[in-house]
Structures are given as C-alpha cells and as structure tokens.
Amino acid sequence: MVGNLVTAFMTLLVTIDPISNVPVFLALTGGKSSQERLRIALRACVVATLILLFFLAVGQIVMEAIGISLNAFRLAGGVVLLSLGLKMLYGEVGAGDGSAPPSGDVSVFPLATPMMAGAGSITAVVVLTDNYKYSIPEQAGTAAMLLLVMGICFACLAVAQAIRRLIGDTGTNVISRVMGIVLAALAMQTIVNAVKDILPAGTIP
C-alpha cells in the first residue's frame, strides 16, 4: 500500500511538475496584483483537480465503454508519458509560452489544462487507478496523493515570485530536466508492465 502511494505521488508529481509551471504562470499574470495572481492560481488548481478527479473516477469506465482495453491505454499512455518526459528533458515543454498570452481566462487555459491536467497527468491517473489492479482503498489513496500534489502546485504558484528569485531560470530548467528523466523511466516501466500483462506469464522476468 505504501509503495503504491509513493509510486502514485512521484508519478503525479513529475507529470504535473509544479515547478515548471512557475515561469509560465508569471508570464501570464505579469500585469496582475498579488491578490489577483493568488485567485488565478487557486482557480487553476481547482479546475485541474476537478478534471483529474473526473478521469480518476470514470476514465476507465469510459474507455471500456468505447472498446479500449486498459493494456492498450497503458501502452499508449506510456508512450505519451515517455514523449512528455523527453520533451521536459530537452527543454521543449513550455518553450515560448507566455510570449503572447491567450485571451480569456488564463486560469482555465493554459494553466489548468493542458499544463496541469494535460495528456500526461490524465494518463497517469487512469493507469494508477486500474479497477482490475487496484482496490477502492488504493484508488482512494491515489486520489489523496493527487490532492497533495495539487496542493503543492498551488503553493508553488502562490509563491511563484519568490521561487523565481530563489532558483532563477537555470534552477527551473535543471529541475524540469531531472523530472523529465524520472518521468521517462516511469513511462518505460508502465510500458513494460503492460507488455508483461499481454504476453504469456514468464515471458518477461
């Protein structure tokens, strides 16, 4: 149980990646007061949490209803996570973001989605709550880890200015690349586990 919680926490932490959201958040809210930035951060985190909880609760049910097996989703999800990890590693995630702030509510787009509740994190919550592999208490634990990570994300956005001054752009880039390596490894493990379930028992040790 503890191992599952640690895996869920680390997977969600690296897919949501709170630190890498800080530069984009600052770019999108540059002309806002500190109170307005705080409201935007809170709204973005709440919207992203609701989106991810929705997929956590019914994502697998929806997939099965349209004929997608969980192993197929895990393989596709592993590829998506691997792609995201490689982009983080090579510094492509968020490149150019904020140069032309989008119109509308930036707390919903692009902050809540796709930055926090994007393809990687949605894939992660569905895979981490496989109804055939994890019990209800284990899935509830994953939901708790999701809330914890989103709390960390809100805290990072709330003190975004201080984080930027403390670690600078270089520190942000280093953390993002380390997260990318971890995410790529987790993605490969997801693919290996899916292949193990598809192939006859004992084919892969």
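Residues numbered from 1 in each chain as written. Predicted model: local features only at pLDDT ≥ 70, side-chain atom pairs only at ≥ 80, totals over all residues. Heavy atoms only, no water.

### Examining the overall build of the protein chain
If you tally the helices and strands in the protein chain, you get 8 helices and 0 strands. Computed over the C-alpha atoms, the radius of gyration of the protein chain is 17 Å, within 12% of the 17 Å expected from 2.2 N^0.38 for a compact globule of 205 residues. Excluding contacts between residues fewer than 6 apart, the proportion of contacts in the protein chain whose partners are at least 24 apart in sequence is 89%. About 10100 Å² of surface is accessible on the protein chain, with carbon and sulfur atoms providing 68% of the total. Each charge class in the protein chain can be summarised by its mean position, and for the 11 positive and 10 negative side chains these summaries are 7 Å apart. (Helix = DSSP H or I, 4+ residues; strand = E, 2+ residues; numbered from the N terminus. Rg over C-alpha atoms; globule rule 2.2 N^0.38 Å. Contact = heavy atoms within 4.5 Å. Areas by Shrake-Rupley, 256 points an atom, 1.4 Å probe, with all protein chains shown as cover. Lys, Arg positive; Asp, Glu negative; His and termini not counted. Charge placed at Lys NZ, Arg CZ, Asp CG, Glu CD.)

### Side note on the pattern of salt bridges
Across all of its chains, the model carries 1 salt bridge by this definition. A salt bridge links Arg43 to Asp105, with the shortest nitrogen-to-oxygen separation between them at 3.3 Å. A residue pair is termed long-range when its members are at least 10 positions apart, and Arg43 in helix H3 (residues 34-65) and Asp105 in the loop between helix H4 (70-89) and helix H5 (107-116) qualify at 62 residues. (Salt bridge = Lys/Arg side-chain N within 4 Å of Asp/Glu carboxyl O.)

### Regarding the nonpolar core
Counting residues in hydrophobic clusters, the biggest one holds 48 residues, and the most contacted among them are Leu12, Ile16, Phe25, Leu52, Leu111, Met116 and Met150. Aside from chain neighbours lying at most four places away, what touches Met150 is Ile16, Cys45, Ala48, Thr49, Leu52 and Met116. (Core = buried A, V, L, I, M, F, W, Y, C linked by side-chain atoms within 4.5 Å. Buried < 20%, exposed > 50% of the residue type's maximum accessible area, 1.4 Å probe, protein only.)

### Considerations on H4
Relative to the 28 Å expected for 20 residues at 1.5 Å per residue, H4 spans 27 Å between its end C-alpha atoms, a close match to the ideal helical length. Close packing links the buried residues of H4 with helix H1 (2-16), H3, helix H6 (119-128) and helix H8 (160-198). Positive phi shows up at Gly91, right after H4, with a value of about 75°. (Expected span 1.5 Å × (residues − 1).)

### Description of the packing of H1 against H6
Look at H1 against H6: their axes get within 8 Å of each other, and the N-to-C directions meet at 165°. As the angle between them shows, H1 and H6 are arranged roughly antiparallel. By crossing handedness, the relation of H1 to H6 is classed as right-handed. Along its contact with H1, which presents Thr7, Ala8, Thr11, Leu12, Thr15 and Ile16, the element H6 presents Gly120, Ser121, Ala124, Val125 and Leu128. When grouped by side-chain class, the residues that make up the contact of H1 with H6 number 6 nonpolar, 5 polar and no charged. (Axes fitted to C-alpha atoms, helices over the stretch in contact; angles between N-to-C directions. Parallel < 35°, antiparallel > 145°, perpendicular 65-115°, else oblique. Left-handed = near helix turned anticlockwise from the far one by under 90°. Nonpolar A, V, L, I, M, F, W, Y, C, P; charged D, E, K, R; others polar.)

### Overview of unusual backbone geometry
Pro110 follows Phe109 through a cis peptide bond whose omega is 15°. With respect to the helices and strands, the residue Pro110 is situated in helix H5.

The analysis is restricted to geometry; functional conclusions fall outside its scope.
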